[in-house]
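What follows is the residue order along each chain.
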Amino acid sequence: MEWLATGMEMSLMDKLGILTDAAKYDVACTSSGVERKGNGRSIGNCVSGGICHSFSSDGRCISLLKILLSNECIYDCKYCINRCSNDVPRATFTPEEVCTLTMEFYRRNYIEGLFLSSGIIQNPTFTMELIYRTIWLLRNKYHFNGYVHVKAIPGADGELIQRTGYLVDRMSVNLELPTAEGLRTLAPNKHRKNILAPMRQIQNGIHENKNELVLYRNAPRFVGGGQATQMIIGATPETDYQIINVAESLYQKFELKRVFYSAFVKVNEDKNLPALPGGPPLLREHRLYQADWLLRFYGFAASELLDESRPYFNVMLDPKEDWAVRHLEKFPVEINRASYEMLLRVPGVGVKSARRIIAARRCGNLTFADLKKIGVVLKRALYFITCSGRMMYPTKLEEDYIVRNLTTEKDRIQFGSDGMTYKQMSLFDDGSFQRPVTMQEKLLSAVGQM
Amino acid sequence: MRVYQCEDSLEGIFTAIYNTYEDNCDRMDTRISINDELFLFAEYIPVETDVDKALKVINTIKRRFGEEDYKRLCFALVSREPEKAQAVYRTVAKGLSKECRPGHLLDDLADDSVNLVFSLARATNNEYLHLMGFTRFAELQSGILYAKIGPKNDVLAFLMPHFADRFPIENFMIHDEKRNLYGVHPAGKDWYLMRGEDVELAESSLRVSDGEMEYQELFKYFCGKIVIEERRNLELQRSMLPLRFREYMAEFK
Ligand code: SF4
């Protein structure tokens, strides 16, 4: 086949280098959402919380073999290292190479599975077909039973996307940029509606599959781990308010499992790209992830967090603290009586500790010492709660005072070239915050904080 | 006070719990101990580990409190904390003394024993989750996959089912070098544990296969290439992947 000809002479090591380098900006790469037992005949299973196999020196979780099938691309997205106008070394894996790497890495327990994306070779349908064939081989010839996540290529034939969906655990279509306008300036070959169409198709596919599964328990699963997407933050001028509204509607209207945010890393010089003298907007990305958690697990609506007149998140306070100090009329909350929903809104109380409070207070009234044992971060929570009618210290329920106290602590998040740490995050008290979720949640609490 | 002295194993501690019930002990004045601690005015009762008795206790625990809480008790019992046996005893005795629905044994986190069991179980669970990801196998010349681990808690017996389910068609072996314990899984068969004293491994049998170093190099290369330099953050990496695991991981060699 002619597409295989490029880079035939290249060593596997070189290809892996190029095609990993080219894939690394993709962030939607957790391995969660599917629980699948081994079948006793071939290699692989899936654990619903996902598993982190390593962490790279940027602190990101390595869970899947994240590679491009090819970094050849006919498009010219301005933010992308692989755009056709860039002069970079190009490589393309053969399907066998992808399969062998996946299998050999997997049996050594380096990875949880495969994440496969690709630049556009020839056209979207041709590219999707290559991805499909690779995964087909991996599943049917190599009998790989582990986790597979692929990108659906916008504009590809729907039938191919459908067939691929039956082979993989997760599919994602990249939104790329938060708004259609951003897309027009930076990704002239892409169109919002081409992106939303496969998203809708996958959503429908998942729905139909649920019905099939009700009728026939052994019907093949379609994208069992659900659908995800990602958008680049800070390459285009959208506000945080716009971004979380987009995320909210993706969760509500497209039933996505996850929306990922990727702080823009400037890899190309282009007059349409912002300068970003401070490096990638990591704090902003961080705040968006926090807000995303509030949307998904804490019962917040986007409109409660920000509005037209306050379109950006507070730099000093996390979004939940920010909400709390602006709604002091709702506090203090009595720990021994408050509803679960209200407990979740207290800074320093996370999903797990709220549940633990509900369980523990059935056995007797809780004191501040008990809350500490339960894992509530008291130094954040103390301004907002009472135990049996008493506050921990006499404090003022006054915005300025609380803000000052919440922000003067030494252990606030430090952002610097090597200082950015999620460790001291207050919002998600028992470790429920790290980009790739669930299993990683638990990992964080292992290092004993939050 | 009565002090039941048992061996430091799940069976030993569950047997001790059985004996306290057989002897109609007052739980407020009874202690289960896994070491030779001495108390004034205490009566010492040695416990002979008895698998049947242990099983009876296990079945009662599962029936009354459910599989999930049983698993949490086991996680607590494989930790290194010397107080674990006493904390589990207190927690179980308290649960049995009153109405306690399955899954709610560890609700009362304000109680010190319950809280200790809860924290120990969580620590073990965290290490178990870490090792599901961080364990590294190398292919030996014989084709066997071999991994070495050095966990703080005795998690090998929990790791084995995970890998047996994942690699049913592989011959593999995990060596806990801290306890000199081997988990062995012959392809297509059930796994089992062996004490190091009973395992004979010639130096040469641990030689890696011809392709092994190539894959280690490939993965190492991959781990370097996946980094976004602009986001470099060694501190975050260290908090997510504590240094003590790295000596066992191919990509850090
Ligand atoms: S389609 Fe755009 S974003 Fe994707 S590889 Fe090509 S240039 Fe990059």
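What you see as residue numbers is a count from 1 along each chain, following the sequence as written. Each chain is given a letter, starting from A, and each ligand a number, starting from 1, according to the order in which they appear as written. Restriction of local features to residues with pLDDT of at least 70 applies here, the model being predicted, together with a cutoff of 80 or more for giving and counting side-chain atom pairs; totals for whole chains, interfaces and linings are based on all residues. With hydrogens and water stripped out, all remaining heavy atoms of the structure feed into the side-chain values.

Draft legend 1. Main features of the overall build of chain B. For the purposes of this entry, the term helix denotes a DSSP run of H or I that reaches at least four residues, the term strand denotes a run of E that reaches at least two, and both are numbered from the N terminus. Helix and strand content of chain B: 8 helices and 8 strands. The dimensions of chain B, computed from C-alpha atoms along their principal axes, are 65 × 45 × 35 Å. By the burial criterion, 53% of the 253 residues in chain B qualify as buried. Note on contacts: a residue pair qualifies if any of its non-hydrogen atoms lie within 4.5 Å across the two residues. For chain B, contacts bridging at least 24 residues in sequence account for 67% of all contacts bridging at least 6. When the accessible surface of chain B is split by element, carbon and sulfur atoms take 49% of a total near 11800 Å². When charges are counted, neither His nor the chain ends are considered; positive counts come from Lys and Arg and negative counts from Asp and Glu. For the purpose of locating charges, the reference atoms are NZ of Lys, CZ of Arg, CG of Asp and CD of Glu. Distance from the positive charge centre (34 side chains) to the negative charge centre (44 side chains) of chain B: 5 Å. Relative accessibility under 20% of the residue-type maximum defines a buried residue, over 50% an exposed one, and the middle range a partly exposed one, all with a 1.4 Å probe and only protein chains included. Surface accessibility follows the Shrake-Rupley procedure with a 1.4 Å probe radius. Residue values consider only the protein chains on display as shielding.

Draft legend 2. Representation of the domain arrangement of chain B. Residues and elements named next belong to chain B. For the domain bounds, the source is a domain assignment made automatically or taken from a database. Domain assignment breaks chain B into domain 1 (2-128) and domain 2 (135-252). Computed from C-alpha coordinates alone, the two centres of domain 1 and domain 2 are separated by 32 Å. Taken together, the contact pairs 9 residues of domain 1 with 10 residues of domain 2. Ranking the residues of domain 1 by area buried against domain 2 places V78, E127 and Y128 at the top, with a combined share of 64%. Two parts placed together each lose some accessible area under a 1.4 Å probe, and the buried area is that loss summed for both.

Draft legend 3. Spotlight on the site of the ligand. Residue and element names in this part refer to chain A. The cutoff for a nearby residue is simple: one of its non-hydrogen atoms must lie within 4 Å of the molecule or strand. Taken together, C73, Y75, C77, C80, N82, R83, G119, I120 and K190 make up the full set of residues near the ligand. Grid spacing is 1 Å over the protein atoms alone, the probe is 1.4 Å, and a cavity is where that probe fits but cannot get out, while a pocket is an open set with protein on both sides within 12 Å along at least five of seven lines and lining residues have an atom within 4 Å of a point. Should more than half of a molecule's atoms lie within 2 Å of a pocket's or cavity's grid points, that molecule is taken to sit in it. Of all the cavities here, the one that holds the ligand is the largest cavity. In this count, Pro and Cys sit with the nonpolar residues alongside Ala, Val, Leu, Ile, Met, Phe, Trp and Tyr, while Asp, Glu, Lys and Arg are called charged and the others, Gly among them, polar. The class makeup of the residues in the shell around the ligand is 5 nonpolar, 2 polar and 2 charged.

Draft legend 4. Inspection of the sheet that holds strand β5 (residues 147-151) of chain A at higher detail. All names here are of chain A. DSSP calls a pair of strands paired once it identifies at least 2 bridges connecting them. Taking strand neighbours across the sheet as the criterion, the 6 strands line up as β3-β4-β5-β6-β7-β8 in an open arrangement whose pairing is parallel. Each having just a single partner strand, β3 (64-68) and β8 (258-263) make up the two edges of the open sheet. Going from strand to strand, the sheet's axes swing by 20° on average, the running direction of each strand aside. Summarising the sheet, β3 and strand β4 (residues 113-117) pair through 5 bridges and their orientation is parallel. Each bridged residue has a counterpart across the sheet, and for K66 the counterpart in β4 is F115. Helix α7 (residues 240-253) rests against β7 (227-233) and β8 of the sheet, and its axis sits at about 155° to β8. Working convention: axes come from line fits to C-alpha atoms, limited for helices to the stretch in contact. Angles between N-to-C directions cover 0 to 180 degrees.

Draft legend 5. Fine view of the layout of surface pockets. Taken as a whole, the largest pocket holds about 1200 Å³ of empty space. Together, 44 residues line the largest pocket, and B:K71, B:Y128, B:A157, B:F158 and B:P161 are the ones closest to its centre. Mapped by element, the contributors of at least two residues to the lining of the largest pocket are α16 (439-446) of chain A together with α1 (10-22), α2 (51-77), α4 (112-134), α5 (156-166) and β8 (192-195) of chain B. The element that contributes the greatest number of residues to the lining of the largest pocket is α2(B), accounting for 10 residues. Along the lines of polarity and charge, the residues of the lining of the largest pocket split into 20 nonpolar, 8 polar and 16 charged. Grid points are joined across faces, edges and corners, and a volume is the space filled by probe spheres set on the points.

Draft legend 6. Spatial organisation of the confidence of the model for chain A. The share of residues in chain A with pLDDT of 70 or more is 88%, and the mean pLDDT across the chain is 87. Per-residue pLDDT stays below 50 along residues 410-450 of chain A; that stretch engages in 146 contacts with residues further than four places along the chain or on separate chains. Per-residue confidence from the predictor is reported as pLDDT, a score between 0 and 100.

Draft legend 7. Structural context of the packing of aromatic side chains. Between rings of Phe, Tyr and Trp, where Trp is taken as its six-membered ring, a pair exists when centres lie within 6.5 Å; planes separated by under 30 degrees are stacked, by over 60 edge-to-face, and by other angles tilted. Under the counting rule described, the total for this entry stands at 25 aromatic pairs over all chains. Seen from their ring centres, A:F105 and B:F219 are 5.4 Å apart, and the 75° between their planes marks the pair as edge-to-face. Residue A:F105 is located in helix α2 (residues 95-107), and its partner B:F219 is located in helix α6 (residues 212-225); the two belong to separate chains. Relative accessible area serves as the criterion here: at 0%, A:F105 is assigned to the buried category. Taking 5.3 Å as the distance between ring centres and 85° as the angle between the ring planes, the aromatic pair formed by A:F300 and A:W323 counts as edge-to-face. With A:F300 in the loop between α8 (282-297) and α9 (302-305) and A:W323 in helix α10 (residues 319-326), this residue pair connects regions lying 23 residues apart in the sequence. Residue class for A:F300 comes out buried when judged on its relative accessible area of 5%. Owing to a relative accessible area of 1%, A:W323 belongs among the buried residues under this scheme. Clustering of aromatic rings is evident, with ring pairs tying together A:Y106, A:F144, B:F137, B:F163, B:F167 and B:F172. Charges are assigned to positions over rings by a cutoff of 6 Å between ring centre and Lys NZ or Arg CZ, combined with an angular limit of 35 degrees from the ring normal. The cationic tip of A:R163 hangs over the ring face of A:Y132; the distance from NZ or CZ to the ring centre is 4.8 Å.

Draft legend 8. Looking closely at the domain arrangement of chain A. Domain boundaries assigned for chain A yield domain 1 (2-229) and domain 2 (319-414). The gap between the C-alpha centroids of domain 1 of chain A and domain 2 of chain A is 42 Å.

Draft legend 9. Summary view of helix α3 (residues 84-96) of chain B. All names here are of chain B. Expected span of a helix: the number of residues minus one, times 1.5 Å. Taking 1.5 Å of rise per residue, 13 residues should cover 18 Å, and α3 covers 18 Å from first to last C-alpha, within 8% of that figure. Buried residues of α3: K84, A85, Q86, A87, V88, Y89, T91, V92, A93, K94 and G95, and no others. Against α1, β2 (30-33), α2 and α4 lie the buried residues of α3.

Draft legend 10. Structural detail: the side chain of A:D26. Position of A:D26 relative to the elements: it lies in the loop between α1 (12-21) and β1 (54-55). When sequence neighbours within four positions are dropped, the list of residues in contact with A:D26 reads A:R60, A:K66, A:F115, A:K151, A:N174 and A:Q230.

Draft legend 11. Just the pattern of salt bridges, in detail. Residues and elements named next belong to chain A. Salt bridges are identified by distance alone: a Lys or Arg side-chain nitrogen within 4 Å of an Asp or Glu carboxyl oxygen. Counted under the stated rule, the structure contains 41 salt bridges over all chains. Between R345 and E304 there is a salt bridge whose closest N-O contact spans 2.7 Å. Linking R345 in the loop between α11 (340-344) and α12 (351-361) with E304 in helix α9, this pair joins segments that are 41 residues apart in sequence. The exposure class of R345 is buried, given its relative accessible area of 12%.

Draft legend 12. Up close: the sheet that holds strand β5 (residues 145-149) of chain B. All names here are of chain B. Pairing in this open sheet of 5 strands is mixed, and the strands run β4-β5-β6-β7-β8 from one edge to the other. Taken across any chain shown, the strands that pair with only one partner, and hence form the sheet edges, are β4 (137-139) and β8. Strand after strand, the sheet turns through a mean of 25° between neighbouring axes, direction not considered.

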